[in-house]
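Per-entry structural report
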Amino acid sequence: MHAPDLRTSGRLAEDEPRDQEDRLGPRTGDAIGDMLRDAYRASLTSDAAPVLQIVERDDGLVKSLPVAPWLAPIEQWPAEQRRALDLLQGKVLDIGAGGGRAARALLDRGHAVTAIDISPGALEVCRQQGIRSAVLGTVDEHAATGARYDSFLLLGANLGLLESRERAPRFLRALAAMAAPGAVIVGQGNNRTDCDDPQHLPYNERNLRAGRIAGQRTMRIRYRDVATPWFHYLCLAPRELADLASGTGWELTDATYDENSTVDYIATLRRVG
């Protein structure tokens, strides 16, 4: 996962207090970049304390998760994520690249790779790991440059970057505009639409009443005293992904669940038309 657009980080809204002693709650900024920089430094020593992030949902649910997996070498990845790289071909755009673990692994396999993220700190860590082609921006902005790719990677549940029913077709069309003939999208999804976990059911039902996809999440990432802006993240089922892809130039051709999970899956979409 990567942060929402943080290129205005550091600016205070007009109604936010200027006196930091009076400020309630975290300040808005590049929380993902901050935590990745610290996690990368920690990875270089054997005795550093683990770096943790807080994932906060807008209904108050919070989870604390380690950041180390965002930087782990491929030997430490879950098997389904390693297999996802085998589905890629040619020149790859790593979307929501984070600290660059996938881009680094793809470079080692001989692919030409561009890492794209909207967290400046994340791209700083990418460059520290030898990833020279690192782009700050959205897929829409990058599509406007005329760049072309054979494969698009959305690893680490980054199919969530489709955001919502409204945003997803625009996102997919932006990728189609950059797609070479026969191009593929390989993405990791997290199906919360069909989840029967009691902590998710009321949230899903609220989404359905509001006309949203059940698995849509509104959330932010927090690290120390910094938080990303609130953003939408789409934890959709494969059938919903197929529906959203219709008419965008992509067709869902495969969705394979992790053998140890009823939630996590790897999806492959191929360029059509």
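This section reports on the structure supplied with the text. Along each chain, residue indices are assigned from 1 in the same order as the chain's sequence is written. Only residues with pLDDT of at least 70 are given local features in this predicted model, and only at 80 or more are side-chain atom pairs given and counted; all residues enter the totals for whole chains, interfaces and linings. With hydrogens and water stripped out, all remaining heavy atoms of the structure feed into the side-chain values.

Here we come to the overall build of the protein. A count of helical and extended segments in the protein gives eight helices and 13 strands. Atoms counted for the radius of gyration: C-alpha only. Globule rule: 2.2 Å times the number of residues to the power 0.38. The globule rule puts the C-alpha radius of gyration for 273 residues at 19 Å, and the 18 Å found for the protein is close to it. Considering only C-alpha atoms, the protein reaches an extent of 55 × 45 × 40 Å along its principal axes. Per-residue burial over the protein gives 52% buried out of 273 residues. Throughout, a residue-residue contact means that at least one pair of heavy atoms, one from each residue, lies within 4.5 Å. Put simply, of all contacts in the protein between residues at least 6 apart along the chain, 63% involve residues at least 24 apart. Values of accessible area rely on a 1.4 Å probe in the Shrake-Rupley scheme; residue burial ignores everything except the protein chains shown. When the accessible area of the protein is evaluated, it comes to approximately 12800 Å², of which 49% is carbon and sulfur surface. Helix and strand definitions follow DSSP, with helices as H or I runs of at least four residues and strands as E runs of at least two, each counted in order from the N terminus. Accessible area is worked out with a 1.4 Å probe on protein chains only. A residue is then buried under 20% of its type maximum, exposed over 50%, and partly exposed in between.

Okay, the pairing of strand 7 (residues 149-154) next. For strand 7, the tally of buried residues reaches five of six residues, placing the bulk of the element in the interior. Here, a strand pair is defined by DSSP locating no fewer than two bridges between the strands. Pairing of strand 4 (residues 92-95) with strand 7 involves three bridges; the strand directions are parallel. Its bridge partner being in strand 7, Leu93 is matched across the sheet by Phe152. Note: strand 7 against strand 8 (residues 179-190), five bridges, orientation parallel. The residue bridging Ser151 from the neighbouring strand is Val184, located in strand 8. Crossovers are marked right-handed if the path from the first strand over the helix to the second runs clockwise, as seen with the strands pointing away from the viewer. Read from strand 7 through helix 6 (residues 167-177) to strand 8, the crossover connection turns out right-handed.

Residues apart from glycine generally show negative phi values, whereas peptide bonds are mostly found in trans. A positive phi angle is found at Glu163, which is not glycine, with a value near 75°. Along the polypeptide, Glu163 turns up in the loop between strand 7 and helix 6. Positioned with a positive phi, Arg224 is a non-glycine residue whose angle comes to about 55°. With respect to the secondary-structure elements, Arg224 resides in the loop between strand 9 (216-223) and strand 10 (226-227). Looking at Arg224, the relative accessible area reads 67%, which means it is exposed.

The next thing to look at is the side chain of Asn204. Its location among the elements puts Asn204 in helix 7 (residues 201-209). Non-local contacts of Asn204, meaning those with residues more than four positions away in its chain, are made with Arg192, Thr193, Cys195, Ala214 and Arg217.

This next bit is on the environment of Leu85. Within the secondary structure, Leu85 sits in helix 2 (residues 79-86). You can call Leu85 buried: its relative accessible area is 1%. In this structure the C-alpha to C-alpha distance between Leu85 and Leu106, which are 21 residues apart in sequence, comes to 7.5 Å. Excluding its chain neighbours within four sequence positions, the residues that come into contact with Leu85 are Ile74, Trp77, Ala105, Leu106, Arg109 and Leu153.

A few words on the environment of Ala214. Tracing the backbone through its elements, the reader meets Ala214 in the loop between helix 7 and strand 9. The exposure class assigned to Ala214 is buried, which follows from its relative accessible area of 4%. The sequence separation of Ala214 and Leu24 amounts to 190 residues, and the corresponding C-alpha distance is 31 Å. Not counting residues within four places of it along the chain, the set of residues in contact with Ala214 comprises Thr193, Asn204, Asn207 and Leu208.

The next subject is helix 7. By the burial criterion, the buried members of helix 7 are Tyr203, Asn204 and Asn207. Along the axis of helix 7, the buried positions cluster into a sector of 100°, meaning they face one direction only. In helix 7, the exposed positions that point more than 90 degrees away from the buried face belong to Pro202, Leu208 and Arg209. For helix 7, the elements touching its buried residues are strand 2 (52-57) and strand 9. Count one or two residues on from helix 7 and you reach Gly211, which has phi positive near 85°. The arc refers to the directions leading from the helix axis to the C-beta atoms.

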